[in-house]
Amino acid sequence: METSYNQNQGYILRVSGPIVDVFFTRSLPTINNILLVRSKNLPLQVAEQLQNMVVRCIALDSTNGLKKNDLVDDTKKPISIPLGKDILGKVVNVFGRTLDGSQFEATEEREVYHPPPQLEKISSKISILETGIKVIDFFAPFPRGAKIGFFGGAGVGKTVLITELINNIAMKYDGLSVFCGVGERTREGFELISVLKEKDVLSKIAVVLGQMNESPGVRFRTIYSGLTVAEYLRDAFSKDILLFVDNIYRFVQAGNEVSTMLGRVPSETGYQSTLYQELGEVEERIVSSQNGTITSIQAIYVPADDFSDPAVQGILNHLETSVVLSRKIAKERIYPAVDPLQSNSTIISPEYINMEHYTVVKAAYKVLERYAELQNIIAILGEEELSSQDRILANRAKKLIKFMSQPFFTSEAFTGQKGISVALKDTIAGVGKILSGNVDEIPEEHFYMTGTIDMVRESWEAAKSSK
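Summary of the structure given here. In this text, all values refer to a predicted model and were calculated from it rather than measured experimentally. (Residues numbered from 1 in each chain as written. Predicted model: local features only at pLDDT ≥ 70, side-chain atom pairs only at ≥ 80, totals over all residues. Heavy atoms only, no water.)

1. A short note on the layout of surface pockets
Here comes step 1: Each pocket or cavity is described by its volume, and for the largest pocket that value is around 1100 Å³.
Here comes step 2: At the level of secondary structure, the elements contributing two or more residues to the lining of the largest pocket comprise α2 (158-172), β13 (176-184), α3 (186-198), α5 (248-261) and α12 (412-415).
Here comes step 3: Residue composition of the lining of the largest pocket, by class: 21 nonpolar, eleven polar and eleven charged. (1 Å grid on protein atoms, 1.4 Å probe; cavity = no way out; pocket = protein on both sides within 12 Å on 5 of 7 lines; lining within 4 Å. Points joined across faces, edges and corners; volume = space filled by probe spheres on them. Helix = DSSP H or I, 4+ residues; strand = E, 2+ residues; numbered from the N terminus. Nonpolar A, V, L, I, M, F, W, Y, C, P; charged D, E, K, R; others polar.)

2. Observations concerning the packing of aromatic side chains
Here comes step 1: According to the stated counting rule, one finds ten aromatic pairs in the structure shown.
Here comes step 2: Seen in terms of ring centroids, F142 and F150 are 6.2 Å apart; in terms of plane orientation they differ by 40 degrees. Their pairing is tilted. Of the two residues, F142 and F150, both sit in the buried class.
Here comes step 3: Taken together, Y113, F220, Y224 and F251 form an aromatic cluster joined through their ring pairs.
Here comes step 4: The ring of F403 carries the charged tip of K134 above its face, separated from the ring centre by 4.0 Å. (Phe/Tyr/Trp six-rings, centres within 6.5 Å; stacked < 30°, edge-to-face > 60°. Buried < 20%, exposed > 50% of the residue type's maximum accessible area, 1.4 Å probe, protein only. Lys NZ or Arg CZ within 6 Å of the ring centre and 35° of its normal.)

3. Here's the deal with a nonpolar patch on the surface
Here comes step 1: Nonpolar side chains collect at one region of the surface, where I377, I380 and L381 lie side by side and expose about 310 Å² of accessible area between them.
Here comes step 2: Residue position: I377 is located in helix α10 (residues 375-381).
Here comes step 3: The exposure class of I377 is partly exposed, given its relative accessible area of 37%. (Patch = residues over 30% accessible without salt bridge, like charges linked within 9 Å, V, L, I, M, F, W, Y side chains within 5 Å. Areas by Shrake-Rupley, 256 points an atom, 1.4 Å probe, with all protein chains shown as cover. Salt bridge = Lys/Arg side-chain N within 4 Å of Asp/Glu carboxyl O.)

4. Focus: unusual backbone geometry
Here comes step 1: Here D246 and N247 are connected by a cis peptide whose omega angle stands at 20 degrees.
Here comes step 2: Secondary-structure assignment places N247 in the loop between β15 (241-246) and α5.
Here comes step 3: A cis amide bond links Y335 to the next residue, P336, at an omega of 0 degrees.
Here comes step 4: Mapping P336 onto the fold places it in the loop between α8 (327-331) and β18 (344-345).
Here comes step 5: Even without a glycine there, the phi angle at N41 is positive, about 55 degrees.
Here comes step 6: Within the secondary structure, N41 is located in the loop between β3 (34-37) and β4 (42-49).

5. Comments concerning the packing of helix α4 (residues 216-237) against helix α6 (residues 275-283)
Here comes step 1: Two elements in contact, α4 and α6, have axes separated by 10 Å at closest approach and are oriented at 20 degrees. One way to sum up the angle between α4 and α6 is to call them roughly parallel. Once α4 is placed against α6, the crossing between them reads as left-handed. Every residue of α6 that contacts α4 at F220, I223, Y224 and L227 is listed here: E278, E281 and V282.
Here comes step 2: Residue composition of the contact of α4 with α6, by class: five nonpolar, no polar and two charged. (Axes fitted to C-alpha atoms, helices over the stretch in contact; angles between N-to-C directions. Parallel < 35°, antiparallel > 145°, perpendicular 65-115°, else oblique. Left-handed = near helix turned anticlockwise from the far one by under 90°. Contact = heavy atoms within 4.5 Å.)

6. Quick word on the sheet that holds strand β1 (residues 9-16)
Here comes step 1: As summarised here, the arrangement of the six strands in space is β1-β2-β5-β4-β3-β6, forming a closed barrel in which the pairing is antiparallel. Averaged over all adjacent pairs, the angle separating strand axes in this sheet is 40 degrees, with direction ignored.
Here comes step 2: One ladder, built from five bridges, connects β4 with strand β5 (residues 54-59); its direction is antiparallel. Opposite E48, over in β5, you have R56 as the bridge partner. (Pairing = 2+ DSSP bridges.)

7. A closer look at the side chain of T163
Here comes step 1: Structurally, the position occupied by T163 is in helix α2.
Here comes step 2: Residue classification places T163 among the buried positions, given a relative accessible area of 12%.
Here comes step 3: When near neighbours in sequence (up to four residues on either side) are disregarded, T163 contacts L192, V195 and T410.

8. What to know about the side chain of E283
Here comes step 1: As for its placement among the helices and strands, E283 is situated in helix α6.
Here comes step 2: If we ignore the near neighbours within four places in the chain, the residues touching E283 are K147, I248, Q298, I315 and H318.

9. Observations regarding the packing of helix α9 (residues 355-373) against helix α11 (residues 388-403)
Here comes step 1: Contact pair α9 / α11: the axes reach a minimum separation of 9 Å and the direction vectors enclose 110 degrees. Taken together, the axes of α9 and α11 are roughly perpendicular relative to one another. By crossing handedness, the relation of α9 to α11 is classed as left-handed. Only D390, L393, A394, A397, K398, L400 and I401 of α11 make contact with α9, whose side of the interface consists of A364, V367, L368, R370 and Y371.
Here comes step 2: Counted by class, the contact of α9 with α11 contains nine nonpolar, no polar and three charged residues.

10. Description of the sheet that holds β15
Backbone hydrogen bonds hold the strands of a sheet together, and the pairing may be parallel or antiparallel.
Here comes step 1: Spatially, the eight strands line up as an open sheet ordered β8-β14-β13-β15-β16-β12-β17-β18, and their pairing is mixed. Two strands in the sheet have a free side with no partner beyond their single neighbour: β8 (91-92) and β18.
Here comes step 2: The sheet contact formed by β8 and strand β14 (residues 205-211) spans two bridges and is parallel. Bridging from a neighbouring strand, V92 pairs with V208 of β14.

This is the structure in structure tokens:
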């Protein structure tokens, strides 16, 4: 941030890790104002106003070298970031500075904190955003302009799925994207940028990173900067914007760290007492206006695979679509490891999707639910002990599960298998044929890691002719 001295000057009283207490002689700075330590040009954000003209601040960089009585200036404004069309293709930090030291032309500057738009300015039109990923488009379709969550524990493929969506949607649609990396590992950030460059879609995306090695104050505020960029692109270009957040649970963790450092009493669950307020301030800004839509796709880490965790439930309350990634399915090498029975979307209704899709998806749910009920019998006695009707159902369920696997474009370098995007109508047709028994004669291995049902049949025909 640029140095901006003024008449409201303070002095450092105490430094305790990233917490800095500052005494002011004239007037107390406002909550969220940025203060600058003159000796290091170090930004501090006001978190609390204490007694005797003292404010408690969160340092947004290392506090090494700070000492008592260092001069501090009140900038009289919160975090602001420069914005312009050239931010697309750039990787910036919470202050809007590029991480590679390059420059871009800014046409305006916006504060990162502000309330959501008024109700009359919010658009409520609903349409489906196709992703080309079969299991998502079929079982948990995305409403355009909605909030979507990818739930899962460590290592089940949340980040890979988000990267694939960036690739698929950025190539298919004319919209723009913002990727907000909250507590992102350096390796993850580097791999993401490499993939975006390789697929030639970086020019349509602005990347905002608050990295894992940065202070909790920076990690907590990264999502506000990402939101501000998304709002600017929506309003300035009247475009549909995709906002990818990886990982919003780290936003909750950073908020908890900040709360603990400030000495606030946690709730009985161990999280900060302001958890739901903080989530609400972020989620309620993700809305569609008359200018365009913001569709948010958020990765949510589930600690110890416990979906009853208060933070997970707090995030879930704001979502229109939930996609649950299952460790059990991942162990069976079904990718993406989406559990259709736990995933859901508010638009699985004849009001929003066509009747064929609605009818087939309800039939698929019944088959998968019955197959889940039969699992104990199969595990103990084997499929041979099932009735003939249940054996047929189990066979179709296994084919359906394998049919929902799909090779990804962003994994081509690792798997050696070319990525496939499948239109929703082809997925519906394929599932319909599986459930109707039209492909009962095809062995289930031909349904694995493929695209349309025609590709399944081609694989089977090729296997037969090679014998």
